Structure formats: C-alpha cells, structure tokens
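Observations on the model geometry
This is what each chain is made of:
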Amino acid sequence: MHRFNDKTVLVTGGNTGIGLGAAKAYVTEGARVIITGRDIATLETAKAALGPQAIALRNDAGDFAAAKQLAGELASRGIRLDAVFINAGVAKFAPFSDVNEAMWDQSFDINVKGAYFQIQALLPLLNEGAAIVLNGSINARIGMPGSSVYAATKAALISLAKTLSAELLPRGVRVNVVSPGPISTELLSKLGMDADALDATKAQIQGQIPLGRFGTTEELAATVLHLTARESAFIVGTEIIVDGGMSQL
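Residues numbered from 1 in each chain as written. Predicted model: local features only at pLDDT ≥ 70, side-chain atom pairs only at ≥ 80, totals over all residues. Heavy atoms only, no water.

Below, the discussion takes up the UniProt feature "domain: Ketoreductase" (unreviewed entry) in the protein chain. Per the UniProt record, "domain: Ketoreductase" (unreviewed entry) is annotated on residues 7-181. Regarding residues 7-181, the helix share stands at 45% and the strand share at 21%, and the terminal C-alpha atoms are separated by 29 Å. (UniProt positions renumbered as here; feature names shortened; annotations may be inferred. Helix = DSSP H or I, 4+ residues; strand = E, 2+ residues; numbered from the N terminus.)

The following block contains the structure:
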C-alpha cells in the first residue's frame, strides 16, 4: 500500500525507537518524512536509514522557542504537513518519595508543554484534512509504582487529544492518541541497570502481558499510520491502546 504518496509527515523524536519505527513505515508507504531529535549522531543515522526523501532537524522538544523555530524552518522550506506524530518524550521513573522538582519540570516540559506548543506553532502549516497523533502510554491507565510523574504527563496528553479535537475540527484537523504498552525499544537499556537486572525487569514485565511478549515498533507504527490515513477519517479524539492486553485483561 502507498497511502501516503505525495504526503508530508512530521515525526518528533523520530531518530530512535517508536518514532523511527513510525518514520520508516511512512517512508515505505510513500511519504516524505521530517524527523526531529536532540542527538545529531542518531539523527544522521536515522536519516541515512530513511533515505533521500527524509529530512532530519535537530530540535529540543521541551523548549518553547524551539517549537517556534521548527515551524519557522519548515515554513522557510515551503513545507506543509499532512500528518504529525507527536512522539518526542522522556520517561523518568522514581518512587513518589524520591521525586524532585527537577524531574517533575523536565517531564512536563518535554512531554506536555513541548507537545502543546509544538502543535500550536505548526497549525499554520497543516493542510486541510491533516491528522495529529499524540504518543500516550498505558501508564496513564494503570497504577504502576514509580510512574506517578510519567503517568500524569501521559494522562495530560490523552486529555489534550480530546480538547484539541474539539478546537481544531473547524480547521479540518483531527487529533487522536495512541497509548503503547511495553514495546521493544532501547528505552529499558537506558535506565542504568546491569544485564541481570535488565533481564529480570524484562521478564517481570513480559509476565504481565497476556500475549506473552513485548510489542514491536512496526506494530505500533501500523496504528499511528492508520490514525493519520484517510481510512480513519471518522475517528476523532480517540485513544487506541496497543499493549497486548496488559491494561485490558
């Protein structure tokens, strides 16, 4: 299928993990893809993997000025957007008693403020019928210890998908949210655990998933593409959970 021929898509945080998986899926279906990220090395690696149609731009998702700068850069290139996947985010976990103001501020700046003002800055660049997908999380739906701040940021995004849907429908723009469960990415390996602790953590999480395995970035990307394709034109302000049944069964 080539549902995105002649379409232009922005994936924030598209240099690694879930974002890169979505970017690859869009390219496969014919889209020109713009990816953003903070790390130059991973941006360049991702751009090479995506091919000549891809554009990679360094951008700090939690910075208000950077949101304006990204929109300005796209406008200066004459780029208009048919789909946006607001994926850039940070996952910080700590027991409630250990959470400090810096962790709170970083999490909300990147996951909520960054998403909010990035969408606001991009509005003039969205074509009629454009679709936005926010990357939520099942942590907003379950009471996992240590996730209080992260879960609150994702709950805010789920709410935002509804309120923005109501506000942006007159512009012909749809907003939805995809909430992943455990997906096989490099995220766990970034938590600073040694190999044995990492294996134990993975096994413990996998034991809670009714399907008995982690999801793949390709599986999650399929849902993101569905929500931004014409076939989903009647889906608005909706959350689709992709978690192997972890929060549902």
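The next thing to look at is the packing of helix α1 (residues 17-28) against helix α7 (residues 217-228). Between α1 and α7, the shortest axis-to-axis distance is 8 Å and the interhelical angle comes to 60°. When the axis of α1 is compared with that of α7, the two are oblique. Seen from above, α1 lies across α7 with right-handed handedness. Where α1 abuts α7, its residues Gly17, Ile18, Gly21, Ala22, Ala25 and Tyr26 lie against Thr217, Leu220, Ala221, Val224, Leu225 and Thr228. Each residue belonging to the contact of α1 with α7 can be placed in one class, and the counts come to eight nonpolar, four polar and no charged. (Axes fitted to C-alpha atoms, helices over the stretch in contact; angles between N-to-C directions. Parallel < 35°, antiparallel > 145°, perpendicular 65-115°, else oblique. Left-handed = near helix turned anticlockwise from the far one by under 90°. Contact = heavy atoms within 4.5 Å. Nonpolar A, V, L, I, M, F, W, Y, C, P; charged D, E, K, R; others polar.)

Next up on the list: helix α3 (residues 64-76). Quick reminder: α-helices carry 3.6 residues per turn. Residues three or four places apart thus point the same way. End to end, α3 covers 19 Å across 13 residues, agreeing with the expected 18 Å (1.5 Å per residue, within 8%). Here α3 has its buried residues at Ala66, Ala67, Leu70, Ala71 and Leu74. Burial along α3 is one-sided: seen end-on, the buried residues are contained in an arc of 140°. Exposed and facing more than 90 degrees away from the buried side of α3 are Gln69 and Ser76. Looking at the buried residues of α3, the elements they touch are β1 (8-11), β2 (32-37), β3 (55-58), β4 (81-86) and α4 (101-122). (Expected span 1.5 Å × (residues − 1). Buried < 20%, exposed > 50% of the residue type's maximum accessible area, 1.4 Å probe, protein only. Arc of directions from axis to C-beta.)

Our focus in this paragraph is the side chain of Thr228. By secondary structure assignment, the location of Thr228 is in helix α7. Classification of Thr228 by relative accessible area gives buried; the value is 8%. In terms of polar contacts, Thr228 uses its side chain to reach the backbone carbonyl oxygen of Val224, at 3.2 Å. The contacts of Thr228, once residues within four sequence positions are left out, are Phe4, Tyr26, Ala83, Ala131, Val133 and Arg174. (Polar contact = N/O pair within 3.5 Å; in protein donor to acceptor, adjacent residues only side chain to side chain.)

Within the largest apolar cluster, 30 residues are counted, with the highest numbers of intra-cluster contacts made by Leu74, Leu81, Ile132 and Leu134. Going through the elements one at a time, β3, α3, β4, α4, β5 (126-135), α5 (148-168) and β6 (174-180) are the ones with two or more residues in this core. By size, the runner-up hydrophobic cluster in this structure holds 28 residues, among which are Val9, Ala31, Ala46 and Ala229. (Core = buried A, V, L, I, M, F, W, Y, C linked by side-chain atoms within 4.5 Å.)

So, about the pairing of β1. Both faces of β1 are covered, namely the face carrying Thr8 and Leu10 and the face carrying Val9 and Val11. Following the backbone out of β1, through α1 and into the adjacent parallel β2, one traces a crossover that is right-handed. Pairing of β1 with β4 involves three bridges; the strand directions are parallel. For Leu10, the partnering residue across the bridge sits in β4 and is Val84. (Right-handed = clockwise from strand over helix to strand, strands pointing away. Pairing = 2+ DSSP bridges.)

Here we come to the sheet that holds β6. Taken together, seven strands build an open sheet; the order of strands is β3-β2-β1-β4-β5-β6-β7 and the sheet is parallel. Edge positions in the open sheet fall to β3 and β7 (239-242), since each of these has one partner strand only. Strand-to-strand twist across the sheet, computed as the mean angle between neighbouring axes with direction ignored, equals 20°. Where α4 meets the sheet, it contacts β1, β4 and β5, and its direction lies at approximately 175° from that of β4. Sitting on the sheet, α5 touches β5, β6 and β7, and the angle it makes with β6 is about 165°.

Enumeration according to the criterion identifies one cavity of 30 Å³ or more in this entry. The wall of the largest cavity is formed by Thr12, Ala61, Ile86, Ala88, Ile110, Gly114, Ala115 and Gln118. Broken down by element, the lining of the largest cavity gets its largest block of residues, four residues, from α4. Of the residues in the lining of the largest cavity, the class split is five nonpolar, three polar and no charged. (1 Å grid on protein atoms, 1.4 Å probe; cavity = no way out; pocket = protein on both sides within 12 Å on 5 of 7 lines; lining within 4 Å. Points joined across faces, edges and corners; volume = space filled by probe spheres on them.)

The subject of this paragraph is the packing of aromatic side chains. Per the counting criterion, the structure on display carries five aromatic pairs. Ring geometry for Phe4 against Tyr26: centres 5.0 Å apart, planes inclined by 85°, an arrangement best described as edge-to-face. Within this pair, whereas Phe4 is found in the segment before β1, its partner Tyr26 is found in helix α1, the two being separated by 22 residues in sequence. Like Tyr26, Phe4 is buried. A centroid spacing of 4.9 Å and a plane angle of 80° characterise the contact between Phe64 and Phe117, whose relative ring orientation is edge-to-face. Residue Phe64 is located in helix α3, and its partner Phe117 is located in helix α4; the two are separated by 53 residues in the primary sequence. A network of ring pairs unites the aromatic residues Phe64, Tyr116 and Phe117 as a single cluster. (Phe/Tyr/Trp six-rings, centres within 6.5 Å; stacked < 30°, edge-to-face > 60°.)

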